[in-house]
Structures are given as structure tokens and as C-alpha cells.
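Spelled out, the chains give:
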Amino acid sequence: MTDAILKTHAQLVIEGKTHYLPILKGAEGDKAIDISTLMKETGYVVYDVGSKNSATCSSAITFLDGDKGILRYRGYDIEDLAEKCLFIEVAYLLLHNKLPNREELEGFRTLLEEYALLHEDMIHFFDHFPPNASPMAILSVMVNSLHNYYPEMGGDPLENIDKTASRLISKVRTIAAFSYKKSMGHPLVYPRNDLSYCGNFLNMMFDTPVRPYTVQPEVVAAMNKLLILHADHEQNCSTSAVRLVGSAGVNLYASISAGINALWGPLHGGANEAVIQMLQAIYADGNDYKKYIAKAKDKNDPFRLSGFGHRVYRTYDPRGTIIKKACDGILAVLNVSDPLLEIARNLEDIVLNDEYFVSRNLYPNVDFYSGIIYRAIGIPTNMFTVMFALGRLPGWIAQWKEMREDPQTKIMRPRQVYAGEPQRTFIPIGERF
Ligand code: CMC
């Protein structure tokens, strides 16, 4: 083997035979070993529970450096986007790999306005959920059902993906607000095209016939920032679900519905709700931090400190840092005083000085402080993960689109290492003990 090949390949010796596996380099210096021929050449698969070490695709959407705490969408730093953009600008960026100019942004806004209404028949669906139904369950059902009312246009789903994407981004906002109204037993408030994307959502949530809602720019700005911070995060659990389900060739709505279900989990997007429940429990226990820290460390207790830790970040989650900084300002502007903010800060201090968490690089993640802001702007706790889904939607769609456009895409079908019984002789039912 020549030196040139050794520079571009990893060597793997299996049963005395050397195999040369190509080394891939990402745009930001990330390195991977291409094992796509491994099974065919050697009969071996790789064993990687939870895909901790496996890249399942190459993607040009989001860059994340977990050691340095860097997050970029399409090359732009999250700090700049969260500070200077509208959520719909970021959605456009994720979908088109380009920040929109004024004209493009107006075009996108017009599409979102055009698609804001929900088919009236679909509104009856809401009547058949129990009053305490989880808004995440409702969201996933409704998004899946959109396919029946608004099938992708044209034979090729990619041909009209911009319209389908706009439809989804607009209608999911309406569905989310309607599910809240139904849970309250309040009349629905329809979308209004004179309002911004976030303003429209807030109005659909909080306007009532007896108390008209005034859209406050500060509240809109806070929601806008949170949605941007949630908009994509490369191959996280829900995005992988979207890609996995989509890789079977199913429509976009069904793929997104799968992503919503994955996001619901308390280890993933559901953590924002779990954080508030945890902070409330600490408060109710007279600020007994020690008790919760001990529970989190106890390997026999399934409890974990929600809002801490991340698969990729080994330092502060940059999104968490932005949200933490924004908390004070937003609460002050809205004149809200929340005792949970102080509890969150104290808990963070304790964690960052505790050997268990320090040695495992467990820092606050995006979900730790986001709930404090959602509470301040009036979003009920059981809607927090729905807010996350609203934000993540453009990312899911962009990832789905990229997957469908990638000629290398194959149906995702992982392997396993079989750990069950060896072959057994069949026993007729009358002879079984
Ligand atoms: N509390 C206590 N211990 C923890 C925590 C935590 N929040 N997170 C990780 N650990 C421990 C874990 O027990 C393990 O210890 P050991 O090495 O002794 O077995 C070690 O840290 C490594 O954890 P892991 O479970 O192997 O790490 P992972 O990459 O598989 O899990 C995680 C990542 C986010 C699921 C996990 O940190 C966690 O459960 N965090 C709490 C839930 C949460 O906040 N989720 C939101 C994640 S960010 C936003 C999003 O994705 O939606």
C-alpha cells in the first residue's frame, strides 16, 4: 500500500487481513471513516448503541462544535441570527441556504399568509380529543392528517416543496394555537394576515371575545428569539426520526409527524416542560437542592436533572447561554418576577461546582432557561414542547428536503447484534409445559 493511500484511508485489521477504509473530511475539519463497504468486505457490522459515534448522512445545514460550543445555521453564527433576524428569515435561510433579501422575504411571508387557514373539516378533529389531551399528541395527529387535505402538489414532492413547506410552517402555527384554545374550551381565534408570524400565533392563543389581546413587541421579540434558537440542531433525535421515516419514501407530513413524536420525549424537547416541573418541585420542597442533586446522581433512581447535559456539547450549549442572558431583560421588560429563575440560577451554580457534573461535562442546555421565558410570556407549561416543535419545523423540513435530494440516500435500516435464543425445535401446543 502506498503512503498516499495511508494518508487517505484508515486501516482496519480483521482476522489478520487489513482493510483500507476511506477517510472523509467535513467542511469544518470534522473527520469520518467511511465504512459503507465494511459489511460486504468483512462480514462485520459496527456496534454503536445510540449512534454515539456514527454519522448517518452528510449535511450542509447546521454546523455544531460540541467542544467549543459553536452552532451555525448555513454558516451563520447562532448569536447573530438570534440577535438580528426574524424567525421566518431563519426559516428561509434553512430551506434555501441563503438569507432572503427583502423581496424574497415578502414572497415567503405572502405564502405563509396564504396558507394560514386550516380546512374547516379539520377543525372538527379537535372536538374528539379529551380536554386534557397532550398538545403534542394532537399536533402529531393533525400534522399527519394534513396529508389528506393538502397532499403534496404534483407527482414529485420536491417540485413544489417550497409551497408545501410554507403550508406546513403556517398551518402548524394555527394547529398549535387551536389545540390550546380547545383545551381551554375557548372559541377559536382565526389567523390574521396583518400580524407577524409570532404576533399572529400569540393573538390566536390569547385573544378572547371578552378580553382582546394586544400584541406586545417585547413578547413577539422573545418568542422570535426562542424559535430561532430551536430552528435546527443537525442530527438530533427528532431530526433523525424525520429522516428515518422519510427515507422510506413517505410524505413530508408523516415524516414531520414522526419528528414531533420524537421531540415529545423528556430526554429531548420534552425537557423544557420537565425543567419547570423540576424547579417547581424544588420550590415546593423548600429549595432542597441537595435532595434533587442526590437523586440525579443515584444510579438506582431514573431521575435526571432536566435541562443539563447534551449528547454533543461538552461545554455550555450556546443556545442556553443566549437564553440565560435574555431572561433578565425579558422578565424586566414584562415586569414579571419569577421565583423559579432564582432557583434555576442556584441550581446551575451548584451543578457547575459539583464533581459529578463537572467530570461528565454536564452544562445547562437549551431547555434549562427557555421555560422561564415561555412562562413569562404566558405560554402554559404543557405547550412548551409545542413551541419547540414550531421552532424546529423549518429545520426538519430542510433536513427532509436535503435527504430526498441527496442521490446517496438509502432507506435507513440499521443492523443489530442478535442476542436471542439460538434455533429451537418447534413444540406443538399440546406438548408445551
Ligand atoms: N442528570 C444527571 N446525570 C446525567 C445527566 C443529567 N441531566 N445527563 C447525563 N448524565 C450522566 C449519565 O448518567 C452518565 O453518567 P455515567 O457516565 O456515570 O453513566 C453520563 O452523564 C453521560 O450521560 P449519557 O446518558 O451517556 O449521555 P447521552 O449523550 O446519552 O444523553 C442527554 C444526553 C441529553 C439525554 C442527557 O444528558 C439527559 O438525559 N439530560 C437531561 C434531559 C435533557 O435536558 N434533555 C434535553 C437535551 S438538549 C435539547 C434537546 O435535545 O431537545
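What counts and how
Residues numbered from 1 in each chain as written. Predicted model: local features only at pLDDT ≥ 70, side-chain atom pairs only at ≥ 80, totals over all residues. Heavy atoms only, no water. Pairing = 2+ DSSP bridges. Helix = DSSP H or I, 4+ residues; strand = E, 2+ residues; numbered from the N terminus. Axes fitted to C-alpha atoms, helices over the stretch in contact; angles between N-to-C directions. Parallel < 35°, antiparallel > 145°, perpendicular 65-115°, else oblique. Left-handed = near helix turned anticlockwise from the far one by under 90°. Contact = heavy atoms within 4.5 Å. Near = heavy atom within 4 Å. Polar contact = N/O pair within 3.5 Å; in protein donor to acceptor, adjacent residues only side chain to side chain. Areas by Shrake-Rupley, 256 points an atom, 1.4 Å probe, with all protein chains shown as cover. Domains from an automatic or database assignment. Buried < 20%, exposed > 50% of the residue type's maximum accessible area, 1.4 Å probe, protein only. Salt bridge = Lys/Arg side-chain N within 4 Å of Asp/Glu carboxyl O. Core = buried A, V, L, I, M, F, W, Y, C linked by side-chain atoms within 4.5 Å.

A look at the sheet that holds strand β4 (residues 62-65)
Argument step 1. Pairing in this open sheet of 3 strands is antiparallel, and the strands run β4-β5-β6 from one edge to the other. The two strands at the open ends of the sheet, each matched to only one other strand, are β4 and β6 (76-77).
Argument step 2. Across 4 bridges, β4 lies against strand β5 (residues 70-73) in antiparallel orientation. The partner of Phe63 across the bridge, within β5, is Arg72.

Considerations on the packing of helix α10 (residues 217-230) against helix α19 (residues 384-405)
Argument step 1. Their axes nearest at 7 Å, the elements α10 and α19 cross at an angle of 65°. By the angle between their directions, the pair α10 and α19 is classed as roughly perpendicular. By crossing handedness, the relation of α10 to α19 is classed as right-handed. Only Met387, Phe388, Leu390, Gly391 and Arg392 of α19 make contact with α10, whose side of the interface consists of Met223, Leu227 and His230.

A short note on the site of the ligand
Argument step 1. Leu267, His268, Leu305, Gly307 and Arg311 are the nearest of the 24 residues found near the ligand.
Argument step 2. With respect to the ligand, the backbone of Gly269 contributes an N or O atom lying 3.3 Å from an oxygen atom.
Argument step 3. Contact between the ligand and Leu305: a nitrogen atom at 2.8 Å from a main-chain N or O atom of the residue.
Argument step 4. When isolated, the ligand has an accessible area of 930 Å², and the protein chains bury 78% of it.
Argument step 5. Broken down by secondary-structure element, the contributors of at least two residues to the shell around the ligand are α17 (355-359) and α18 (366-376).

Section: the domain arrangement of the protein
Argument step 1. Looking at the protein, the domain boundaries give domain 1 (6-55) and domain 2 (78-412).
Argument step 2. Put simply, the middle of domain 1 and the middle of domain 2, counted by C-alpha atoms, are 35 Å apart.

Remarks on the pairing of β4
Argument step 1. The two faces of β4 match: Thr62 and Leu64 on one face and Phe63 and Asp65 on the other face are all buried.
Argument step 2. Hairpin geometry of β4 and β5 is characterised by an intervening segment of 4 residues between the two adjacent antiparallel strands and by a positive phi of about 70° at Gly69.

Re the environment of Asp127
Argument step 1. Of note, Asp127 is situated in the loop between α6 (120-125) and α7 (135-149).
Argument step 2. Along the chain, Asp127 and Ser179 lie 52 residues apart, while their C-alpha atoms are 9.8 Å from each other.
Argument step 3. In terms of polar contacts, Asp127 uses its side chain to reach the side chain of Lys182, at 2.6 Å.

Comments concerning the pattern of salt bridges
Argument step 1. The full count for this structure, using the stated rule, is 17 salt bridges.
Argument step 2. A salt bridge links Asp285 to Lys291, with the shortest nitrogen-to-oxygen separation between them at 2.7 Å.
Argument step 3. Classification of Lys291 as partly exposed rests on a relative accessible area of 38%.
Argument step 4. Between Asp338 and Arg375 there is a salt bridge, and its shortest N-O distance comes to 2.8 Å.

Details of the nonpolar core
Argument step 1. If you look at the biggest cluster of nonpolar residues, it comprises 114 residues, and the most contacted ones within it are Tyr73, Phe201, Ile256, Leu279, Leu347, Ile379 and Ile397.
Argument step 2. Setting aside its immediate chain neighbours within four residues, Ile397 contacts Leu95, Ile161, Ala165, Leu168, Ile169, Leu252 and Ile256.

Let's talk about the sheet that holds strand β3 (residues 31-33)
Argument step 1. Read from one edge to the other, the open sheet built from 3 strands follows the order β1-β2-β3, with strand pairing classed as antiparallel. Two strands in the sheet have a free side with no partner beyond their single neighbour: β1 (9-14) and β3. Across the sheet, the mean angle from the axis of one strand to that of its neighbour is 30°, orientation sign disregarded.
Argument step 2. Note that strand β2 (residues 17-25) and β3 share 3 bridges and pair antiparallel. The residue bridging Lys25 from the neighbouring strand is Lys31, located in β3.

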